[in-house]
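Examining the three-dimensional arrangement
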Amino acid sequence: MFAKCDRPLVTLSKPIALNDVKFKVAILLSSSNEEIMQCQLCDRQMEALTAHHLIPKQNTKRKNEDPSPTIDICSACHRQIHSLFDNKHLAQELNTLEKLKNDPQLQKFLSWVRKQKTDKRIQVHGKKAREA
């Protein structure tokens, strides 16, 4: 049986398909209707996290491989990753949590975002590195 909730757990700016992994929001319910979860990149306490594939689905799908492992990260970190890096670079160079945390471009963002309020939508910036 589900407990009645007076407010939405997540507010979306547009509807998403339930099977759309790119925007899949991982929501866990506790007895108080909210469970605070921690972003694995910035370590902020968040009410909702997204699943980031360490090797982009684009790479595994083409080879008929199983999807890669995922990490649970906040929306701001997820959007920043994809604004800075293309899928090829993510698959070849930044395919573990440790590699993502140690990337200089991402470290700069992480040190800044840790200071931001968790209820504020973070605007991300960055240009994807062009392939030579």
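Our structure is the block above this text.
What you see is a predicted model; the values in this text were computed from it and never measured.

This paragraph deals with the packing of helix α2 (residues 75–84) against helix α5 (residues 104–113). Between α2 and α5, the least distance of the axes is 11 Å, while the angle of their chain directions is 155°. What the angle tells us is that α2 and α5 run roughly antiparallel. Regarding α2 and α5, the two cross each other, and that crossing is right-handed. Two secondary-structure elements touch here, α2 through Ala76, Cys77, Gln80, Ile81 and Leu84 and α5 through Gln105, Leu106, Phe109, Leu110 and Val113.

Attention now goes to α5. Among the residues of α5, Leu106, Phe109, Leu110 and Val113 are the ones counted as buried. With its buried residues spanning 100° around the axis, α5 presents them on a single face. Of the residues in α5, the exposed ones pointing more than 90 degrees away from the buried face are Pro104 and Lys108. Sitting at the head of α5, Asp103 places a side-chain oxygen 3.0 Å from the backbone nitrogen of Gln105.

You can see Ala51 is positioned in strand β4 (residues 49–53). Judged by relative accessible area, Ala51 falls into the buried class, the value being 9%. Along the backbone, Ala51 and Asp72 are 21 residues apart, and their C-alpha atoms lie at a distance of 4.8 Å.

One finds Leu41, Cys77, Leu100 and Phe109 to be the most contacted residues of the largest nonpolar core, which totals 25 residues. The set of elements that each furnish at least two residues to this core consists of β5 (70–73), α2, α4 (97–102) and α5. Sequence-distant contacts of Phe109, that is, excluding residues within four places in its chain, are made with Ala76, Cys77, Gln80, Ile122 and Val124.

What the rule picks out here adds up to one aromatic pair. Judged by centre distance (6.0 Å) and plane angle (45°), the ring pair of Phe109 and Trp112 falls under tilted. Placement of the pair is Phe109 and Trp112 together in helix α5, with a separation of three residues, close to one helical turn. A relative accessible area of 8% means that Phe109 is categorised as buried. Residue class for Trp112 comes out partly exposed when judged on its relative accessible area of 37%.

The rules we used
Residues numbered from 1 in each chain as written. Predicted model: local features only at pLDDT ≥ 70, side-chain atom pairs only at ≥ 80, totals over all residues. Heavy atoms only, no water. Axes fitted to C-alpha atoms, helices over the stretch in contact; angles between N-to-C directions. Helix = DSSP H or I, 4+ residues; strand = E, 2+ residues; numbered from the N terminus. Parallel < 35°, antiparallel > 145°, perpendicular 65-115°, else oblique. Left-handed = near helix turned anticlockwise from the far one by under 90°. Contact = heavy atoms within 4.5 Å. Buried < 20%, exposed > 50% of the residue type's maximum accessible area, 1.4 Å probe, protein only. Arc of directions from axis to C-beta. Polar contact = N/O pair within 3.5 Å; in protein donor to acceptor, adjacent residues only side chain to side chain. Core = buried A, V, L, I, M, F, W, Y, C linked by side-chain atoms within 4.5 Å. Phe/Tyr/Trp six-rings, centres within 6.5 Å; stacked < 30°, edge-to-face > 60°.

Everything listed here is a matter of coordinates, which is why it stays silent on function.
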